[in-house]
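# Structural description and commentary
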Amino acid sequence: MRVIAGIARSLPLKTPAGLATRPTTDRIKETLFNMLQQQIGQAVFVDMFSGSGGIGIEALSRGAAKAYFIENDPKALSCIQENLQFTKLNKSSMIINMDACASLSRIEEVVDILFMDPPYDSGLDVTVLQLLSHASCIDEETLIIVEAALSKKSSDYEACGFQVIREKKYKTNKHIFLKKRGA
């Protein structure tokens, strides 16, 4: 795994040992960030269920102003810290060592882009979206991207108060792009 583009381009990233995380492949990460390129500059970015931190680091490398890394696994947290040090992107980052649901109160500004990659079929995606629908860090302009299993129904997210604006399918998973529905 590596940084695809930007100021940390081509730098290799570590991943936590074991099967607790599933890093987004370089090919999928490149596709995702090609879609986000116009929105990433100076953005406040959240990488929730961060794992290695590869998604948030890619955002910082491509010009995001700040990235929050939300993770509670000790091995993954160590990996994120090492990757941020190695890429020299740690000054514009904030690591939140908490459960994803509890972490939302620690984000004290409106987020431009929130990416989450919870364990598939855990139900955490819906739980977090229910909380995000009332969170002060999310507004109608915030883009939320959920990495999910191909079998995931986007109607589950619409029931949480979000509008599906795009869905991108890959061989093994998909990204669902959401915005909060206006009041």
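Everything that follows concerns the structure shown earlier in this document.
Residues numbered from 1 in each chain as written. Predicted model: local features only at pLDDT ≥ 70, side-chain atom pairs only at ≥ 80, totals over all residues. Heavy atoms only, no water.

## Here's the deal with the sheet that holds strand β3 (residues 93–97)
Strand order across the open sheet formed by 7 strands is β3-β2-β1-β4-β5-β7-β6, with mixed pairing between neighbours. Where the open sheet ends on each side, the last strands, each with one partner, are β3 and β6 (162–169). Neighbour-to-neighbour, the strand axes of this sheet turn through a mean angle of 20 degrees, independent of strand direction. Two elements, strand β2 (residues 66–71) and β3, share 5 bridges in a ladder whose sense is parallel. Along β3, the bridge assignment pairs Ala 67 with Ser 93. Against the sheet, helix α5 (residues 124–132) touches β1 (44–48), β4 (113–116), β5 (143–149), β6 and β7 (173–180), its axis set at about 160 degrees to β4. (Pairing = 2+ DSSP bridges. Helix = DSSP H or I, 4+ residues; strand = E, 2+ residues; numbered from the N terminus. Axes fitted to C-alpha atoms, helices over the stretch in contact; angles between N-to-C directions. Contact = heavy atoms within 4.5 Å.)

## A closer look at the side chain of Lys 152
Assignment of secondary structure puts Lys 152 in the loop between β5 and α6 (155–158). Judged by relative accessible area, which is 17%, Lys 152 ranks as buried. Only 3.0 Å separates the side chain of Lys 152 from the side chain of Asp 156, close enough to count as a polar contact. If sequence neighbours within four positions are ignored, Lys 152 has contacts with Asp 125, Val 126, Tyr 157, Lys 174 and Ile 176. (Buried < 20%, exposed > 50% of the residue type's maximum accessible area, 1.4 Å probe, protein only. Polar contact = N/O pair within 3.5 Å; in protein donor to acceptor, adjacent residues only side chain to side chain.)

Distances and angles like these do not, on their own, reveal function.
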